[in-house]
Amino acid sequence: MADYTFFTSPMSRGQIVRWALHEVDADYEQVLVSWDNKPSALLAANPMGKVPTIIHNTANGDRVVTEAPAICAYLAEMHPNAGLLPTDEEKADYFRWMFFAAGPIEQAITSKSFGFEPTPQQEGMAGFGSLDRTVAAITSHLADRNFVCGSRFTMADVYVGASVGWGLAFGALPANDALTAYSARCEARPARQAAKAIDDALIAESRK
């Protein structure tokens, strides 16, 4: 049995986790999930039936992890030799911006795609404040560095890089110099390209 069972759909946030699996060179078996037919093993592991979900098959029992940023962080912890964990000096940026991507960036992009922009009175209740404030924050951070933690790629860049790339691809984030250059650096990762090739082939096959 593979070390990880990976429930995914190629047109989902599963693309992020596949990238993370390839970054740590994990031994995994994919289980493709269709939107209208959720396998019982997935529902047993994650009653929401959402992908991505992973099961870490260990000698001491199965460990279930859901939510893409949590899976990314978990894989970095389980594979320290991959070199994607932060140093003590990098931890503040690592955790801050990974969770910023999971919170404000995710919310801002989703809200824009749904046609919702909070009024000034609503910004205090919205976790992302506004799209402009979210964009300004991440742009400012990436303007003078190659990656989230500085010059070195970490697992935070898998999640933040995927989030920024997603926002740029769908026009929800502005294609400014800082974001486009950062996205290009992330997209150039061999693990990203290998993972993306798998999902692109699956998407192409599903459209035949």
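Look above for the structure.
Residues numbered from 1 in each chain as written. Predicted model: local features only at pLDDT ≥ 70, side-chain atom pairs only at ≥ 80, totals over all residues. Heavy atoms only, no water.

Participant: So what exactly am I meant to see when it comes to the packing of aromatic side chains here?
Facilitator: For any pair of aromatic rings, geometry is given as the distance between the ring centres together with the angle between the planes. Inspection of every chain in the model, using the stated rule, returns five aromatic pairs. Judged by centre distance (6.4 Å) and plane angle (40 degrees), the ring pair of Trp19 and Phe153 falls under tilted. Separated by 134 residues along the polypeptide, Trp19 in helix α1 (residues 14–23) and Phe153 in the loop between α5 (131–142) and α6 (155–169) bring together distant segments of the chain. Grouping aromatic residues by their ring pairs yields a cluster made of Trp19, Phe147 and Phe153. Lying over the aromatic face of Trp166, Arg13 brings its terminal NZ or CZ to 5.6 Å of the ring centre. The ring of Phe153 has Arg189 sitting right over it, with the charged end atom 3.8 Å from the ring centre. (Phe/Tyr/Trp six-rings, centres within 6.5 Å; stacked < 30°, edge-to-face > 60°. Helix = DSSP H or I, 4+ residues; strand = E, 2+ residues; numbered from the N terminus. Lys NZ or Arg CZ within 6 Å of the ring centre and 35° of its normal.)

Participant: Any chance you could explain the nonpolar core here in plain terms?
Facilitator: Soluble globular proteins tend to pack their nonpolar side chains together in the buried interior. Ranked by internal contacts, the top residues of the largest apolar core, which has 51 residues, are Ile54, Leu75 and Met155. Elements with a contribution of two residues or more to this core: β1 (4–8), α1, α3 (68–78), α4 (91–113), α5, α6, α7 (177–187) and α8 (190–206). If one sorts the elements of this core by residue count, α4 sits on top with eight residues. Apart from residues no more than four positions distant in its own chain, Met155 is found in contact with Ala20, Val24, Cys72, Ala73, Leu75, Ala76, Leu84, Tyr94 and Met98. Membership of the second largest hydrophobic core comes to six residues, among which are Phe7, Val33, Leu42 and Ala45. (Core = buried A, V, L, I, M, F, W, Y, C linked by side-chain atoms within 4.5 Å. Buried < 20%, exposed > 50% of the residue type's maximum accessible area, 1.4 Å probe, protein only. Contact = heavy atoms within 4.5 Å.)

Participant: Please explain the sheet that holds strand β4 (residues 61–66) as it appears in this structure.
Facilitator: Within a sheet, each strand pairs with its neighbour through backbone hydrogen bonds, oriented either parallel or antiparallel. The four strands are arranged β2-β1-β3-β4 in an open sheet whose pairing can be described as mixed. Unpaired on one side and paired on the other, β2 (28–32) and β4 mark the two borders of the sheet. Taking the axes of each pair of neighbouring strands and ignoring which way they run, one obtains an average angle of 20 degrees across the sheet. (Pairing = 2+ DSSP bridges. Axes fitted to C-alpha atoms, helices over the stretch in contact; angles between N-to-C directions.)

Participant: Sorry if this is basic, but what is going on with the packing of α1 against α3 here?
Facilitator: Helices that pack against each other are described as a pair by the angle of their axes relative to one another and the distance between those axes. Interaxial distance between α1 and α3 falls to 9 Å at its minimum, and their mutual angle equals 5 degrees. With respect to α3, the axis of α1 lies roughly parallel. Residues Ile16, Val17, Ala20 and Leu21 of α1 pack against Ala68, Ile71, Cys72 and Leu75 of α3. Across the contact of α1 with α3, the residue classes break down as eight nonpolar, no polar and no charged. (Parallel < 35°, antiparallel > 145°, perpendicular 65-115°, else oblique. Nonpolar A, V, L, I, M, F, W, Y, C, P; charged D, E, K, R; others polar.)

Participant: What exactly am I supposed to notice about the pairing of β1 here?
Facilitator: Every other side chain in a regular strand lies on the same face of the sheet, so the side chains alternate between the two faces. Within β1, five of the five residues are buried, leaving the element largely enclosed by the surrounding structure. Side chains Tyr4, Phe6 and Thr8 project from β1 onto one buried face, and the interleaved Thr5 and Phe7 project onto a second face that is buried too. Here five bridges tie β1 to β2, and the two strands are oriented parallel to one another. Counterpart to Phe6 in the pairing with β2 is Gln30. This β-α-β element, β1 to α1 to β2, shows right-handed connectivity. One ladder, built from four bridges, connects β1 with strand β3 (residues 53–58); its direction is antiparallel. Bridging from a neighbouring strand, Phe7 pairs with Thr53 of β3. (Right-handed = clockwise from strand over helix to strand, strands pointing away.)

Participant: How do you make sense of the environment of Gly171 when you look at a structure like this?
Facilitator: Position of Gly171 among the secondary structure elements: in the loop between α6 and α7. Through-space distance from the C-alpha of Gly171 to that of Phe100 is 19 Å; in sequence the pair is 71 residues apart.

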